[in-house]
Amino acid sequence: SPNMLASGCLSGEVKLWSVQDRMCLRTSVLGHDRVTSVSAHPLRPLIAAACGKDLFFWDVSGAGGGTGEPQKRLETAIGFLCLCFHPNARWLVTCEVQSLGGDAMGGTP
C-alpha cells in the first residue's frame, strides 16, 4: 500500500509503519543479526526482508497493518547484503556478501 512503509533495524526487527498516521503498526523480530535490506513487492502486499543469512517474506494484507509473522523462506551460507523486487514483479534480486577476514554482517570473526 502507498500508505505503508517497512523498515529494518540493527537489532533484527522489521517494522511496518502507517505513513498517514506516522505510527508503527507492527514489529516483528527476525533474528539476532541486523536487518540489512527490506523490499516491498510492486503488486502484492508482501515484504521481503534479509536478516543475516536468512530471507523472510511477510504478508501484510490484513487489516490493522499485517497478518501473521514473517516466514523464513531461505537460508544461505554467507549472508544477504541487499535485496529488491524487480519491477516486473516476477523476480527478487539479491546480493550476498562473503567475509574477508571477519564477519561482514557485523558479528564476531
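Look up a bit, the structure's there.
Residues numbered from 1 in each chain as written. Predicted model: local features only at pLDDT ≥ 70, side-chain atom pairs only at ≥ 80, totals over all residues. Heavy atoms only, no water.

### Topic: the pairing of strand β9 (residues 92-96)
The pairing of strand β8 (residues 80-85) with β9 spans 5 bridges and is classified as antiparallel. Along β9, the bridge assignment pairs Cys84 with Val93. Counted along the chain from β8 to the antiparallel partner β9, the turn is 6 residues long, and its residue Ala89 has a positive phi close to 70°. (Pairing = 2+ DSSP bridges. Helix = DSSP H or I, 4+ residues; strand = E, 2+ residues; numbered from the N terminus.)

### Describing unusual backbone geometry
In the Ramachandran plot, Arg22 falls in the positive-phi region, its phi being about 55° despite a non-glycine side chain. Mapped onto the elements, Arg22 comes out in the loop between β2 (13-18) and β3 (23-29). In the Ramachandran plot, Ala89 falls in the positive-phi region, its phi being about 70° despite a non-glycine side chain. Within the secondary structure, Ala89 is located in the loop between β8 and β9.

### Here we look at the pattern of salt bridges
Overall, the coordinates contain 4 salt bridges when judged by the stated rule. As a salt-bridge pair, Glu75 and Lys72 come within 2.8 Å of each other at their nearest N and O atoms. On the basis of relative accessible area, Glu75 is assigned to the exposed category, the value being 52%. By relative accessible area, Lys72 is classed as partly exposed at 41%. The network of salt bridges with shared partners includes Asp54, Lys72 and Glu75. (Salt bridge = Lys/Arg side-chain N within 4 Å of Asp/Glu carboxyl O. Buried < 20%, exposed > 50% of the residue type's maximum accessible area, 1.4 Å probe, protein only.)

### What about the sheet that holds strand β7 (residues 71-75)?
The antiparallel open sheet is built from 4 strands, whose spatial order is β4-β5-β6-β7. Bordering the open sheet on either side are β4 (35-40) and β7, each of which pairs with just one other strand. Between one strand axis and the next, the sheet turns through 20° on average, direction left out of account. Both strand β5 (residues 46-51) and strand β6 (residues 54-59) contribute to a ladder of 6 bridges, which runs antiparallel. In the sheet register, Cys51 faces β6, and the bridge partner there is Asp54. (Axes fitted to C-alpha atoms, helices over the stretch in contact; angles between N-to-C directions.)

Just distances and angles here, no functional claims.
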